[in-house]
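A structural walkthrough
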Amino acid sequence: MTYPTDVGVVAMYADRDSARRLAAKLAEDRSASARSVTLHTALEGHTGDFLGVVRATGEPAELAEKLADAASIGLYATTFRRVKEHAETWSVGEETPGLGLLFPVVRRGDLTHEQFDSHWRDNHAPLALRHHVGMWDYVQCSFSGSFDGSLTTPSAALDGMAICKFPTVADFKERFFDSDEGREAIWADVARFSDPNGPRAMRMVERILR
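Residues numbered from 1 in each chain as written. Predicted model: local features only at pLDDT ≥ 70, side-chain atom pairs only at ≥ 80, totals over all residues. Heavy atoms only, no water.

Regarding the packing of aromatic side chains
Test applied: Here the aromatic set is Phe, Tyr and Trp, taking the six-membered ring for Trp, and pairing holds for ring centres within 6.5 Å; pairs whose planes are under 30 degrees apart are stacked, those over 60 apart are edge-to-face, and all others are tilted. When a residue's accessible area, from a 1.4 Å probe over protein chains only, is under 20% of the maximum for its type it is buried; when over 50% it is exposed; and in between it is partly exposed.
Counting across every chain of the model gives eight aromatic pairs. A centroid spacing of 5.3 Å and a plane angle of 65 degrees characterise the contact between Phe 166 and Phe 172, whose relative ring orientation is edge-to-face. A relative accessible area of 25% places Phe 172 in the partly exposed class. Ring pairs connect the aromatic residues Phe 166, Phe 172, Phe 176, Phe 177 and Trp 187, which therefore count as one cluster.

Some words on the nonpolar core
Buried together is how nonpolar side chains tend to be arranged in soluble globular proteins. Inclusion rule: The term nonpolar core refers to a set of buried residues drawn from Ala, Val, Leu, Ile, Met, Phe, Trp, Tyr and Cys, joined through side-chain atoms within 4.5 Å. Only DSSP runs of H or I covering at least 4 residues are called helices, and only runs of E covering at least 2 are called strands; the numbering of each starts at the N terminus. The contact criterion used is simple: two residues touch if any of their non-hydrogen atoms lie within 4.5 Å.
One finds Trp 120, Met 135, Tyr 138, Phe 166 and Phe 193 to be the most contacted residues of the largest nonpolar core, which totals 20 residues. Mapped by element, the contributors of at least two residues to this core are strand S5 (99–105), helix H3 (113–131), strand S7 (160–166) and helix H5 (180–193). If you tally residues by element for this core, the top one is H3, at five residues. Ignoring sequence-local partners within four residues, the contact set of Tyr 138 consists of Arg 81, Arg 82, Val 83, Lys 84, Trp 120, His 124, Ala 125, Ala 128, Ala 162, Ile 163 and Cys 164. Formed by 19 residues, the second largest nonpolar core is a distinct cluster that contains Leu 22, Leu 26, Ala 64 and Ala 71.

Here's the deal with the pairing of strand S8 (residues 202–208)
Defined as follows: At least two DSSP bridges between two strands are needed for those strands to be called paired.
Among the seven residues of S8, five are classified as buried, and the element is accordingly described as predominantly covered. By the bridge criterion, three bridges tie S5 to S8 in an arrangement that is antiparallel. Residue pairing in the sheet places Leu 102 in a bridge with Met 202 of S8.

Focus: the state of the cysteines
The line we're drawing: The rule for a disulfide is simple: a pair of cysteine sulfur atoms within 2.5 Å.
This model, assessed by the stated rule, comprises zero disulfides. The thiol of Cys 141 is unpaired, and the distance to the nearest cysteine sulfur, on Cys 164, comes to 9.9 Å. Classification of Cys 141 as buried rests on a relative accessible area of 0%. With a relative accessible area of 6%, Cys 164 lands in the buried category.

Quick word on the packing of H3 against H5
For clarity, the cut-off: To obtain each axis, a line is fitted to C-alpha atoms, and for helices this fit is confined to the stretch in contact; angles are then taken between N-to-C directions over 0 to 180 degrees. Any angle between 65 and 115 degrees counts as roughly perpendicular, while under 35 counts as roughly parallel, over 145 as roughly antiparallel, and the rest as oblique. Lys, Arg, Asp and Glu make up the charged group, whereas Ala, Val, Leu, Ile, Met, Phe, Trp, Tyr, Cys and Pro make up the nonpolar group; the residues left over, Gly among them, are polar.
As a packed pair, H3 and H5 sit with axes 10 Å apart at the nearest point and diverge in direction by 170 degrees. On the basis of the axis angle, H3 is roughly antiparallel to H5. Contact residues: H3 offers Phe 116, His 119, Trp 120, Asn 123, His 124, Leu 127, Ala 128 and His 131, while H5 offers Gly 182, Ala 185, Ile 186, Asp 189, Val 190, Arg 192 and Phe 193. Split into classes, the residues belonging to the contact of H3 with H5 amount to eight nonpolar, five polar and two charged.

A few points about helix H1 (residues 16–28)
Applied cut-off: A helix is expected to span 1.5 Å for every residue after the first. Arc definition: it is the arc formed by the directions from the helix axis to the C-beta atoms.
Between its first and last C-alpha, H1 extends 18 Å over 13 residues, near the 18 Å set by a 1.5 Å rise per residue. Of the positions making up H1, those classed as buried are Arg 16, Ser 18, Ala 19, Leu 22, Ala 23, Leu 26 and Ala 27. In an axial view of H1, the angular spread of the buried residues amounts to 160 degrees, which keeps them on one side of the axis. Across from the buried face of H1, at angles greater than 90 degrees, the exposed residues are Asp 17, Lys 25 and Glu 28. Against strand S1 (5–13), strand S2 (36–42), strand S3 (52–57) and helix H2 (60–67) lie the buried residues of H1.

So, the pattern of salt bridges
This is how it is decided: Whenever Lys or Arg places a side-chain nitrogen within 4 Å of a carboxyl oxygen from Asp or Glu, that contact is recorded as a salt bridge.
If you walk through the whole model with that rule in mind, you get 18 salt bridges. The salt bridge involving Arg 16 is made with Glu 44; its shortest N-O contact spans 3.7 Å. Taken together, the positions of Arg 16 in helix H1 and Glu 44 in the loop between S2 and S3 put the pair 28 residues apart, joining distant regions of the chain. A relative accessible area of 63% means that Glu 44 is categorised as exposed. A salt bridge links Asp 17 to Arg 20; its shortest N-O distance comes to 3.2 Å. With Asp 17 and Arg 20 both in helix H1 and three residues apart, this pair spans about one turn of that helix. Taking relative accessible area as the criterion, Arg 20 reaches 35% and is therefore assigned partly exposed. Linked by salt bridges that have partners in common, Arg 16, Asp 17, Arg 20 and Glu 44 make up one network.

What follows is the structure, given as structure tokens:
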């Protein structure tokens, strides 16, 4: 399947403040190649593997250098697939309306990153569009490599991250699936390409800064 794509980085942080600081710094840096900068922070009270995420499009190596920080727990070269999009009717810097979720994804152990990614793109994305009827925005962030001083092969830690957004909490609660059959189809397919013991999802606040 073919979807609109872009390249850039995803940077994950153990605390919200580091994510906010570096996202704001990158968004304000007009010398940077960043075409867009989006900040995701976990809701207050959330605990987990990460609490802040910065997503930026542009030249991956340059963006990675600007987002590197001692608080970073993951810095990935990323291909962004915009599987479903909705019109943005709010201003830059404002909180994105509705409800957003980040789903870190680890590939199933018997798959290569390429096998995982092709299934995620070509099989799971169409299923998600069919059965997640309340979803108004869906981005697949496919991690093609991690930065640890140099760009390496895909990290064993994570293979990607799904960003799913819903216009209202009710759409998420009542229209996440179109039916019981749809729920079963989605979870059966998830088991075909991902590790069920991967990091848990994060409910987040999103702000588009650039």
